[in-house]
Amino acid sequence: MSSPSNIESFRTARSLAAALTDDPFYRTVTVACGDDEAARLSMLDAYFALALAEGWQAGRVDLADDAGNGAAIWTTDTPAALRQAAYVQREAALRALLGERGFAHFTAIVANMEHALAPHGLQDAWYLSIAGIAPAAQGQGLGASVLAPGLAAVDAAGAACFLETYNERSLPFYARLGFVAAGRYAEAVTGCDYWLLVRAPRAA
């Protein structure tokens, strides 16, 4: 799939922001917005636009539909140098976007998650970093369908994949797609627990 137009990217970023605004991670990194929910959505619009750009540059992005109702963003087996260059570019933009406290929260949460991940031997696994469907479009099967192409690519590569979620209600959904809970962790910055879900390699 080619990179989306600016309009598609905007719509998709807005859908991800609406879907994930109550997630503890995103609330914690947008601390600069305080109780201003409109400002938080605007900040998350920009956050997810950056994530989509990084995904198109050095990973994989699958859109839920032509209306921009959501997306799945993957870190894949793209060469490490390309992934690192894309991450560094996004990191600089995030520092400006989130502000000092928000960016400090972002880096601390990422470090905590990487520390918890280290013993699981997933260095070569694909990572489902972001997945979300606009609230108004949920319940129509888009969640499973947006993940299907990425999971097929994972299987074609003979790779494992993983994700982290703070949403306990999503565990049965991911279980139906072959993910197994590999750990539940208390994350200090958000003050919330999250789950590490892993999907073992399988034949394409």
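Placed above this text is the structure.
Residues numbered from 1 in each chain as written. Predicted model: local features only at pLDDT ≥ 70, side-chain atom pairs only at ≥ 80, totals over all residues. Heavy atoms only, no water.

### Description of the packing of helix α3 (residues 37-58) against helix α4 (residues 80-117)
Thinking step 1. Contact pair α3 / α4: the axes reach a minimum separation of 9 Å and the direction vectors enclose 165 degrees. Comparing the axis directions of α3 and α4 gives the class roughly antiparallel. Between α3 and α4 the crossing geometry is left-handed. Two secondary-structure elements touch here, α3 through Met 43, Ala 46, Tyr 47, Leu 50, Ala 51, Glu 54, Gln 57 and Ala 58 and α4 through Leu 82, Arg 83, Ala 86, Tyr 87, Gln 89, Arg 90, Ala 93, Leu 94, Leu 97, Leu 98 and Phe 106.
Thinking step 2. The residue makeup of the contact of α3 with α4, split by class, is 14 nonpolar, two polar and three charged. (Axes fitted to C-alpha atoms, helices over the stretch in contact; angles between N-to-C directions. Helix = DSSP H or I, 4+ residues; strand = E, 2+ residues; numbered from the N terminus. Parallel < 35°, antiparallel > 145°, perpendicular 65-115°, else oblique. Left-handed = near helix turned anticlockwise from the far one by under 90°. Contact = heavy atoms within 4.5 Å. Nonpolar A, V, L, I, M, F, W, Y, C, P; charged D, E, K, R; others polar.)

### Remarks on the nonpolar core
In summary, soluble globular proteins display a tendency toward joint burial of nonpolar side chains.
Thinking step 1. Ranked by size, the top nonpolar core spans 29 residues in total, and within it Phe 25, Tyr 26, Tyr 47, Phe 48, Leu 98, Phe 106 and Ile 130 carry the most contacts.
Thinking step 2. If sequence neighbours within four positions are ignored, Tyr 26 has contacts with Leu 20, Leu 44, Tyr 47, Phe 48 and Ile 130.
Thinking step 3. In this structure, Trp 126, Ala 153, Phe 179 and Trp 195 belong to the second largest nonpolar core, which totals 21 residues. (Core = buried A, V, L, I, M, F, W, Y, C linked by side-chain atoms within 4.5 Å. Buried < 20%, exposed > 50% of the residue type's maximum accessible area, 1.4 Å probe, protein only.)

### Structural notes on the sheet that holds strand β5 (residues 180-187)
Thinking step 1. Ordered by their spatial adjacency, six strands build an open sheet running β1-β2-β3-β4-β6-β5, and the pairing between neighbours is mixed. Unpaired on one side and paired on the other, β1 (60-63) and β5 mark the two borders of the sheet. Each adjacent strand pair in this sheet contributes to an overall mean axis angle of 25 degrees, direction not counted.
Thinking step 2. Of the strand pairs in this sheet, strand β3 (residues 126-133) and strand β4 (residues 161-165) are connected by two bridges, and their pairing is parallel. (Pairing = 2+ DSSP bridges.)

### A short note on the side chain of Thr 165
Thinking step 1. Mapped onto the elements, Thr 165 comes out in strand β4.
Thinking step 2. Within the local environment of Thr 165, its side chain forms a polar contact with the backbone nitrogen of Asn 167, the two atoms lying 3.0 Å apart.
Thinking step 3. Setting aside residues up to four positions removed in sequence, Thr 165 forms contacts with Ser 170, Leu 171, Tyr 194, Trp 195 and Leu 197. (Polar contact = N/O pair within 3.5 Å; in protein donor to acceptor, adjacent residues only side chain to side chain.)

### Regarding the pairing of β5
Regular strands have side chains that alternate between both faces of the sheet.
Thinking step 1. One ladder, built from seven bridges, connects β5 with strand β6 (residues 192-199); its direction is antiparallel. Paired with Gly 183 across the two strands is Leu 196, which belongs to β6.
Thinking step 2. The antiparallel hairpin formed by β5 and β6 contains four residues in its connecting segment, where Gly 191 sits at a positive phi of about 75 degrees.

### What to know about the state of the cysteines
Thinking step 1. Across all of its chains, the model carries zero disulfides by this definition.
Thinking step 2. In this structure Cys 33 is not part of a disulfide, and its nearest cysteine sulfur, from Cys 192, lies 18 Å away.
Thinking step 3. The exposure class of Cys 33 is buried, given its relative accessible area of 11%. (Disulfide = S-S within 2.5 Å.)

Structural measurements only, silent on function.
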